[in-house]
Each structure stands twice: as C-alpha cells, then as structure tokens.
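Examination of the molecular architecture
Letter by letter, the chains look like this.
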Amino acid sequence: MKNNLFQKLASALLFVSIWASTAAWAVNDLPGGPANWQLNLQPGATKIAQEQGWLHWFMLIICTVIFVVVFGVMFYSIWKHRKSVGHKPASFHESVKVEIAWTVIPFIIVILMALPATKAVVAQKDTSNADLTIKATGYQWKWGYDYIKGEGEGIAIISTLDNEHRNMSNNGAKGVDIDDYLLKVDHPLVVPVNKKVRIITTANDVIHAFSVPSLGVKQDAIPGFVRDTWFRAEMVGDFHGQCQELCGKEHAYMPIHVKVVSAEDYAAWVAVEQKKMAAKMDDPSKVWTLPDILQRGEKVYAANCVACHQPNGKGGGAIKALDGSAVVLNSEAGKEIHVLLNGQNNNSMPAWKQLSDTDIAAVISLHQKQLVKQDRPAGSACRSQGRPLNATVE
Amino acid sequence: MSAVLDPHGNVHGHDDHHGAPHGWQRWVFATNHKDIGTLYLLFAFTMLIIGGVLALLIRAELFQPGLQLVNPELFNQLTTMHGLIMVFGAIMPAFVGFANWMIPLQIGAADMAFARMNNFSFWLMIPAAVILSTSFFQPGGAPAAGWTLYAPLTLQMGPSMDSGIFALHLLGASSIMGSINIIVTILNMRAPGMTLMKMPMFVWTWLITAYLLIAVMPVLAGAITMTLTDRHFGTTFFNPAGGGDPVMYQHIFWFFGHPEVYIMILPAFGIISHIIPAFARKKLFGYASMVYATSSIAILSFIVWAHHMYATGMPVTGQLFFMYATMLIAVPTGVKVFNWIATMWKGSMTFETPMLFAVGFIFVFTMGGFTGLILSLAPIDTQVQDTYYVVAHFHYVLVAGSLYAMFAGFYFWCPKWTGVMYNETRGKIHFWWTLIAFNVTFFPMHFLGLAGMPRRYADYPMQFTDFNMIASVGAFLFGFAQVYFFFFIVLPAMLGHGEKAAAKPWEAAEGLEWEVPSPAPFHTFETPPKLDATATRVIG
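Residues numbered from 1 in each chain as written. Chains lettered and ligands numbered in written order. Predicted model: local features only at pLDDT ≥ 70, side-chain atom pairs only at ≥ 80, totals over all residues.

**As for the overall build of chain A**
We count it as follows: Here a strand is any run of E in DSSP of at least two residues, a helix any run of H or I of at least four, and the numbering for each starts at the N terminus. Exposed residues have 12 or fewer other C-beta atoms within 10 Å of their own C-beta, buried residues have 20 or more, and residues in between are partly exposed; the C-beta atoms are placed from the backbone. Here the contact rule is simple: place C-beta atoms from the backbone, and any two residues whose C-beta atoms are within 7 Å are in contact.
Along chain A, the regular secondary structure elements total nine helices and twelve strands. In chain A, which comprises 394 residues, the share counted as buried stands at 39%. Considering only residue pairs separated by 6 or more positions, chain A has 66% of its internal contacts joining residues 24 or more positions apart.

So this is what it looks like as structure tokens:
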C-alpha cells in the first residue's frame, strides 16, 4: 500500500519534471548567451571572463567547505546535545583562546581570497593600449556605437531591439520559442577577434549599463560622464548582453549584441560600412521628391518611433497619441521639430538630436501626410529652429 | 513579586488610578510602550502584506516570458514600491515595535523615556504609509525608479515621486525620534545594577542600531531633498545637463544604504542571541565578543558603501579599498555565527518554534552571508551586479535573516505579550512551510543571476523560464504561509485563545521580562527593581 503510493508519487514527479523541461518553451541554449537550466556563469570568451569564472569557483569551493564544516558541527550538536536524548547542559560560556582563533583564522582566509581578486581587479581596470576604441552611448532605449579610434574609425551604429520581439513581448510571447528572444538587434556591434577593444561608455538621458557576461564586461553608462572598460575576445561568435541598470520603462528591451569576427571579415565589414556611410551621407543640396521622403519617413518611424507610438500612431498608456495631437496638427511643422529635437514631458518623449536632418524632415513629412492628410513637406520651415535642418523637399 | 511591580500592591488598582484608557483613545493617545509596540508590530505586518502582494504581482508577471498581467511601466512601479514598503514600512518599524515592547521590560524601566514622542513617531508613519501605498493612483502612477531612487531617472518621474520623497522624510523623522527615544531610555533608565556589560544582547544591538539610524537617516534625507530641489527648484546636484553628478547621488545614497542594511539585521542578531541560550539551556557563549563584534560591524558599515557601485567605474585603488573593507565584515559576522553554535554546543536543546526559527535563521542567513562575501569580490561582482544573484543575496539576509528572526522573536515573546501560548503544531507548520517556500523562491535566483538575468526586468529571454517558474510558485507558497501565520497563530493569540502562559514559559529563558507576569501588566517596574549580581533576576 505504502509502496504503491510511493510509486504513484514518483511517476507523478517524473511526469511533472518532463512536462516542465519540454513543454511550452522548447528553446535551445544560446551560444554566447544564456542556456536552459544554466547553473553557473556563462562560458567566458575572454581571459577576464574566464578569470571571473575561476574566481567564482574558487570562492564557491572555499565557502562550501566552510559551510559544510560549520554546519556539520551545528547539526552534530543538534543531533547529540538534545534534551530528548538526555544531554545535560555544560556550563562553559567563554574561552578567549577559541574566540581569538575564530577571529584570526577567518581573517587569514579572507586575505587569501583577496589576493587573486586583487590581481583580477588590476587586470580588468587596465584599459591602456587598446587596438580599437568604441564609444557606447546609452539612449532610452537603444545603444549607439561610435567607432572612435582604430580600424573602422568613423563608423556609427544605432542598435535597437528587433521590433518583432518587442511586439511578441506585448502579446504575452504566446507560442514563441525563439532562442534569442529579446536579444536580437537590428545592427550588432561588430569587433575583430583577438584585438583589445576599449569601450567608452556614456549616456544621453539616464544611467544605463553596458554588459556582456560572456565577455566579462559590465560598465555603467552615465550621462555627462565617460567611463571605460575593455575586452579581448578570443573566439569569433555572437555574444549577448542586456542593459543592467534600471533606465525606465523599456529597460528590458535594449539588448547588446557583440559580433566577434575574424580580422579579414572585420576589414570587409568596415569597407562595406564605410561605403554605406558615404552613400547615406545625404547630399545637403539634394532636393527630395515627396514619395521618396515619405518612404524614408516610414523607415525612420519604424526604426525609432513605433515601439512607443505604435504602428497606427495611437500610442497607448502613458504614451501620447500622435494621431490628433496638437503638436502634429499645428500648422507650423516647427512645433513637431522642436519636440523631436528637445524632447517633451521630462524626456518621457526623448530628444532625437542624433537623427540626421533628412531623417527628421522625413518623419515629419510622413506625419503631415498620414495624420493631417496634407502634403506639407517639412523643409525650409525647419531652419527657424534651434538646429537649422539642411533638407529640402519639394 | 507584585510589590516590585507595584508599590501599592495591586496592579489593576494602579491602572485605575491613572484612569485606564479605553476604546480608540487608548491607541490614538497611546503613551504606553507596550501599546505603542503593539501598534508598531501590527502596522509593520500590514505593510508586509501590502509589500507582499506587490511582490506576488511581480512574480506572477515573471512566471513566464512575455507581458501577461502588467505593462513595463507598472512593473517598475511594483518593484520600486515593493522595496520601499518592505524596507521602510515593514522591517524597520517591526524592529522598533520589538524595541518598544522589550527594551523597557529587559532593562527594568517603567516605560520609554519620551512617551509622547513615542506616540508621535508611530503616528507619523500612518500618513507616510498612506501616501506610499496610494501613490499607484496618482497621475503617472507610483515612483518607478527602483527603491534606490537613482538620479537622473528620478528627475523623469511624475508627481508621485514628490509625495514619495515626502513620505520618506516622514518615515525618516519617525525613525530618528524612535532612535533618540531608545538611546535615552537605554542610557538613563536601566535598573540599578544593570551595567552596560550586563545588558541583554537585544538591548545592546538596538543601542548600536539606534546610533546608526541617527547617523544615516539625515544623509538619506539630504539625498532625497536634493532630488526634490533638482526636480522643482532649478538646482542641478544630480542633473548632468546642468553640470550635476549622478554618481554623487549613489555615493550619498549608499552612505545611508549600507548602514541601513545593518540597521535591519543587528536587532535580529539580538533576538537570536536570546533564543539560542534559552533553548540550549546554556548561557550565551562569548557575550563580550558579541558586543564587540556588533560594534565592529556597525563601524565597518560606514566604509564599505561603494561596493554597491563597482559598476559605476571607480579608480582601481577605490575598488580595491572597498573590496577589502567589505571582505573584512565577514570576520565579525563569522564570530557571531560561531558564538551561537558554541552556545548550542553541549547544551540541552529542545526545538520549540522560536528555536526552529532561530536555527533556520543561522543556517539560511549564513548562505546570504556567503553570497555577500562572493559579491564583495569586484571581479565576480562584474558578472553578477544588478542581476538576480543580488536579488537572491539580499532576500537571503533580509527575509531569511531579519524576518525569520522576527518570527522567532514573536514566538518567543508572544506568551509575554498576550498571556497565552501559541499553538505549537501550528508554529511548526508555519516554520517548515516558510523555510521550504522561501528556498524554493530564492534559491533558483542564484542560478538566474549567474546565468546573467538582470534584475528589474519585466520580460526575459526564454532560457530563464524554468527557474522563474519555480521561483514564482515558491513565492505564492511563501505568501500563503504568512496569511496562515496571521489567521491561525497571531489572531488566536491576540484574542487570548490558547493555554495560559506562565510568567516564564521557557525553562531556561533569562532576563527581566520573565520576572513580570504574563501577559505583562499595563505598568511594569514603576519603581526600579533590585537586581541580582547578573542583572537577570529581581530579588526584591
């Protein structure tokens, strides 16, 4: 009877654990990111990350040994020195020798722990002699990467979470089983393998944190301040991280994707990017036609605005609707430009200074067309604002 | 003994002589330390439940990936308010409640030194709690910048941020008044013969805690006042747009924040130091070293704050200094744990609920201590800062630490407070239920943090799903355990159901609180008692 019950229990447990491990979210481990049922740090792709992993094992083993010894004593005492087994209380309550011993011994253990940690801190903090310097700027809620020094100098990337993923999240991620859910970005940060990459962090609005566990880096990005960290990836591959300092409502939706490539691939990528940049550099004297600028506007909207304002421009929750907004309806396009350049409502609508003149003109033209039902391309009106926009639309 | 309690020979007669307070006036105008202690404890439990409901909403949302119940704005409000309410509304006031009830009884004083200020410091908390709890209904919702209220995110918050700052000021003022009261009571009102080094450990730990509170609450007040003037009066202390320094906010906040965590654990050490000897039937091992260890922890707590800020990026020497100082704290904390175990060693132990919670405290709190030591190493902290590892760590020390100690203290002193014994079986159910549910909730968070799951995330990559599910199930079990605790243990005891308790219900408990009848009469020790040489018994 008892046996029977036990068997039933065991099979129920087995069933539950199989269900839990296979049901609903059948995703694979993500190399360079988290794994299912992962118990320890992500495998390190840099010396520093491996060092951190080693230190963690080192500490974990020492702490476990101390834990087992100390609580071995306690549970032995609980077992043997009980009233119910007739143990009579002793009367000692002091021993200077013992007390000195258990002050001094932990002190020595702590010093032993500090030695390898000190070495690691010094190594982690040495950002000198970098091969490539990249500035990572935290925005609410995306990352900007500017290649400042080294191969690829001048390249600038804005890296945003794939909007599909953001929508899945809003829809409760029903039936989603994507390995890089919430980790997929439009433009990853591309760096060469085996090169010392120095990351300079700063932020545009609030504090963010640039963090990639498998590369062993985590550095707050603080507005008005510049901090730095570094890594030297020892293998090619994709490495994923996320913003690690609370930065407002979309905090969970600004991942970091570092793509480490071989030296040749990196050179090729740099060449392509530089060509693209040259092409993207809008000729300031170019006169845009309305269909062209609207198309451009749709792209800008999809990349920057849609996450909050929604594809239909209706917004939601605290996010104001563009559709019917006084700012958009305003007969001078200047009002909307002002908001785009400076932000509004304490930056819950952030400033978009980082967009190019053409992009700003394009997105405004789009709104005028779609929401006000007027062909009112933003062009010269922009010039009256704080930043004269160099974009002309006929 | 009644002669000691009451020179007129009749406890009740004396009450009447003062005009025993009745009805609501007894509580609103309360000046009696026992009544005010009860008010504090009930208030803290109410806030624990409110904070707990917020926690369960968080865990429900995190049960699976994707947003199901709340949007990200509300999620941030929930984590922020959970933290603020638990720290300032639940844990701190609960310990003040214990202090009010037990300190006068333990030192043989008639009451707290400043009875009316005592009343004021309690009733100040009510508007503060109302403001905090209702901030969800303000335009823009509750503050959502995390309980640490980091600038410049606080500068983006809606009007509830201002009321939150006001509420924290009120709570801070209340804490400071409570601390002054406790310090003056302890230093001036001990019964003759109770020298400092004969004081019960709970009194010692509270004396040190009260000094910590007076030292750091004004620092918090400064930080949030600067936030307020940055928001409204054009200053730019923390606003980089005007040349301010957001990192300075963190330095100021954590200069308050780190001693604050010891404020929330030192009284717990005191409670445990009474319970272990009582149930081991053996004197506390190393009383003097306990006092010195507590003082060392308090002093060290002022020079370790920046270990919360390794990721802000400080010079290598700064990082090393704060790492070494933090690791040092392991030494006095270790001394305390060793002393408790040495007290148990060769004792004659029984395991009633207070002892179960005390042993559970030592065992689980120590795990939180070890993760604290691991976190103190800056290179490891680079991996786990701002991840669920930190969440696991501070819940191990704050829930399995402070809260367990308070449960232990409740079961230990409940007979003195209510005059009846709690139901032992129910107490044991509460203990095992709480212990298991707690570990189911928070142990998997270590794994999540090591794997890189950031804290304060409303949604997470799919690989984190399994452990999050386990944690959410555990959280609900833990929550229900506390509902059970209130309805099946606290309430019956408050209503006087249960076996009548003797003046000293525990065979080997020591201290003046056991020298007065159970329940403790409204007035105790109105004339200073004469104490024996150990200052633990009244001799006439």
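**Remarks on the overall build of chain B**
A count of helices and strands for chain B gives 19 helices and zero strands. Once the C-alpha set of chain B is aligned to its principal axes, its extents read approximately 70 × 50 × 45 Å. The 540 residues of chain B split such that 62% are buried. When contacts within chain B are restricted to residue pairs at least 6 apart in sequence, those whose partners lie at least 24 apart make up 81%.

**Re unusual backbone geometry**
A cis amide bond, omega 0 degrees, links Gln 140 of chain A with the succeeding residue Trp 141 of chain A. One can find Trp 141 of chain A in the loop between β1 (132-139) and β2 (142-149). Of the consecutive residues Ser 518 of chain B and Pro 519 of chain B, the connecting peptide bond is found in the cis state with omega at -10 degrees. Examined against the element boundaries, Pro 519 of chain B turns out to sit in the segment after α19 (465-494).

**Some points on the sheet that holds strand β8 (residues 227-231) of chain A**
All names here are of chain A. Here is the rule we go by: Any two strands between which DSSP finds at least two bridges are classified as paired. Fitted lines through C-alpha atoms give the axes, limited to the stretch in contact for helices. The angle between two N-to-C directions lies from 0 to 180 degrees.
If you trace the five strands from one edge of the open sheet to the other, you get β3-β2-β1-β5-β8, paired in mixed fashion. Each having just a single partner strand, β3 (156-159) and β8 make up the two edges of the open sheet. On average, adjacent strands in this sheet sit at an angle of 25 degrees to one another, irrespective of strand direction.

**Considerations on the sheet that holds strand β9 (residues 237-242) of chain A**
All names here are of chain A. Read from one edge to the other, the open sheet built from three strands follows the order β4-β10-β9, with strand pairing classed as mixed. The sheet is open, and its two borders are formed by β4 (189-192) and β9, each paired with just one other strand. Here the strands of the sheet are splayed against their neighbours by 25 degrees on average, with no regard to which way each runs. Inspection of the sheet shows β9 paired to strand β10 (residues 255-261) by six bridges, in the antiparallel sense. Each residue of the ladder has a partner; that of Asp 238, found in β10, is Lys 259.

**Examining the pairing of strand β7 (residues 217-221) of chain A**
All names here are of chain A. Extensive coverage of β7 is indicated by the burial of five of its five residues. The alternating pattern of β7 places Val 217, Gln 219 and Ala 221 and Lys 218 and Asp 220 on opposite faces, both of which are buried. Counting the residues between successive antiparallel strands, the hairpin from strand β6 (residues 208-212) to β7 contains four residues, one of them, Gly 216, with a positive phi of roughly 70 degrees.

**Here's the deal with the nonpolar core**
Basically, it comes down to this: To define a nonpolar core, we join buried Ala, Val, Leu, Ile, Met, Phe, Trp, Tyr and Cys residues through C-beta atoms within 7 Å and take the resulting set.
By size, the foremost hydrophobic cluster in this structure holds 255 residues, and its most contacted members are Ile 272, Ile 275, Ala 358, Phe 361 and Ala 408 of chain B. Of all the elements, helix α17 (residues 388-418) of chain B adds the most residues to this core, at 22 residues. Excluding residues within four positions of it along the chain, Ile 275 of chain B makes contact with Pro 354, Met 355, Ala 358, Ala 408 and Phe 412 of chain B. Listed in part, the 15 residues of the second largest apolar core include Val 300, Leu 340, Ala 361 and Ala 362 of chain A.

**Here's the deal with the interface of chain A and chain B**
The following threshold applies: Polarity classes work like this: nonpolar for Ala, Val, Leu, Ile, Met, Phe, Trp, Tyr, Cys and Pro, charged for Asp, Glu, Lys and Arg, and polar for all others, with Gly in that last group.
On the side of chain B, 80 residues touch chain A, which itself brings 92 residues to the contact. Elements represented by at least two residues in the side of chain A that touches chain B include exactly α2 (47-80), α3 (96-125), α4 (163-170) and β7 of chain A. Here the side of chain A that touches chain B takes 15 residues from α3 of chain A, the largest share from any one element. In terms of residue class, the side of chain A that touches chain B is made up of 47 nonpolar, 29 polar and 16 charged.

**Examining the pairing of β2 of chain A**
Residues and elements named next belong to chain A. When β1 meets β2, the two strands line up antiparallel, connected through seven bridges. From the neighbouring strand, Thr 133 faces β2, where its bridge partner is Lys 149. Hairpin connection of β1 to β2: two residues between the antiparallel strands. For β2 and β3, the ladder comprises four bridges, and the chain directions are antiparallel. Bridge pairing links Trp 143 to Ser 159 in β3. The loop that links β2 with its antiparallel partner β3 comprises six residues; one of these, Gly 150, has a positive phi angle of about 105 degrees.

**What about α19 of chain B?**
Residues and elements named next belong to chain B. Our working definition: To estimate how far a helix should extend, the number of its residues minus one is multiplied by 1.5 Å. The angle between axes fitted to the seven-residue stretch ending at a residue and the seven-residue stretch beginning at it gives the bend at that residue.
The terminal C-alpha atoms of α19, which comprises 30 residues, lie 42 Å apart, in line with the 44 Å expected from a rise of 1.5 Å per residue. Taking the largest bend as the criterion, α19 deviates by roughly 30 degrees, centred on Phe 486. Restricting attention to buried positions, one finds in α19 the residues Thr 465, Phe 467, Asn 468, Ala 471, Ser 472, Gly 474, Ala 475, Phe 478, Gln 482, Phe 485, Ile 489 and Ala 493. In the core, the buried residues of α19 are packed alongside α4 (33-61), α17 and α18 (424-451).

**A look at the packing of α2 of chain A against α3 of chain A**
How two helices sit against one another is set out by the angle between their axes and by the gap between those axes. Residues and elements named next belong to chain A. Counted only if it meets this: Roughly parallel refers to an angle under 35 degrees, roughly antiparallel to one over 145, roughly perpendicular to one between 65 and 115, and oblique to any angle outside these ranges.
Taken N-terminus to C-terminus, the directions of α2 and α3 make an angle of 170 degrees; their axes are 10 Å apart at the nearest point. With respect to α3, the axis of α2 lies roughly antiparallel. Where α2 abuts α3, its residues Ile 48, Glu 51, Gln 52, Leu 55, Phe 58, Met 59 and Ile 62 lie against Ile 109, Met 113, Pro 116, Ala 117, Ala 120, Ala 123 and Gln 124. A class-by-class count of the residues in the contact of α2 with α3 yields eleven nonpolar, two polar and one charged.

**Re the environment of Lys 276 of chain A**
If you trace the backbone, Lys 276 of chain A turns up in helix α5 (residues 263-280). For the pair formed by Lys 276 of chain A and Ile 155 of chain A, sequence separation is 121 residues and the distance between their alpha carbons is 9.7 Å.

**Side note on the confidence of the model for chain A**
Residues shown with low pLDDT carry predicted positions that ought not to be read at fine detail. We apply this condition: Per-residue confidence from the predictor is reported as pLDDT, which spans 0 to 100.
For chain A, the average pLDDT comes to 86, and 85% of its residues sit at 70 or higher. Residue range residues 379-388 of chain A is modelled with pLDDT below 50. Its contacts to residues more than four positions away, or to other chains, number 21 contacts.

**Regarding the packing of helix α9 (residues 201-232) of chain B against helix α10 (residues 246-263) of chain B**
Residue and element names in this part refer to chain B. The cut-off we apply is this: For a crossing to be left-handed, the near helix must be turned anticlockwise from the far one by less than a right angle; the clockwise case is right-handed.
One way to put it is that α9 packs onto α10 with a least axis distance of 9 Å and a crossing angle of 155 degrees. Relative to α10, the element α9 lies roughly antiparallel. Crossing angle aside, the handedness with which α9 passes α10 is left-handed. Between α9 and α10, the contacting residues are Thr 209, Leu 212, Leu 213, Ala 215, Val 216, Val 219, Leu 220, Gly 222 and Ala 223 on the first element and Tyr 249, Ile 252, Phe 253, Phe 255, Phe 256, Pro 259, Glu 260, Tyr 262 and Ile 263 on the second. Its residues placed into classes, the contact of α9 with α10 shows 15 nonpolar, two polar and one charged.

**So, the environment of Ala 110 of chain B**
Residue and element names in this part refer to chain B. Within the fold, Ala 110 resides in the loop between α5 (72-107) and α6 (115-123). Sequence separation between Ala 110 and Gly 427 is 317 residues; the distance between their C-alpha atoms is 31 Å. Not counting chain neighbours up to four residues away, the residues in contact with Ala 110 comprise Pro 104, His 523, Phe 525 and Glu 526.

**Remarks on α9 of chain B**
Residue and element names in this part refer to chain B. With 32 residues, α9 ought to run about 46 Å at 1.5 Å a step, and its terminal C-alpha atoms sit 46 Å apart, in line with that. Of all the bends in α9, the greatest reaches close to 25 degrees and is centred on Ile 214; the proline Pro 218 follows between one and four positions later. Once α9 ends, the next one or two residues include Gly 234, with phi positive near 75 degrees.

**Focus on the confidence of the model for chain B**
Residues and elements named next belong to chain B. Residues at a pLDDT of 70 or more form 96% of chain B, whose mean pLDDT is 93. Contacts of residues 1-17 to residues separated by more than four positions or lying in other chains number 23 contacts, the stretch itself having pLDDT below 50. Both scores are available for the predicted complex, with the pTM at 0.86 and the ipTM at 0.91.

**Regarding the environment of Ala 405 of chain B**
Residues and elements named next belong to chain B. Within the secondary structure layout, Ala 405 lies in helix α17. A C-alpha to C-alpha distance of 6.4 Å links Ala 405 and Phe 361, two positions 44 residues apart in sequence. Residues within four places of Ala 405 in sequence aside, it is in contact with Ala 268, Ile 271, Ile 272 and Phe 361.

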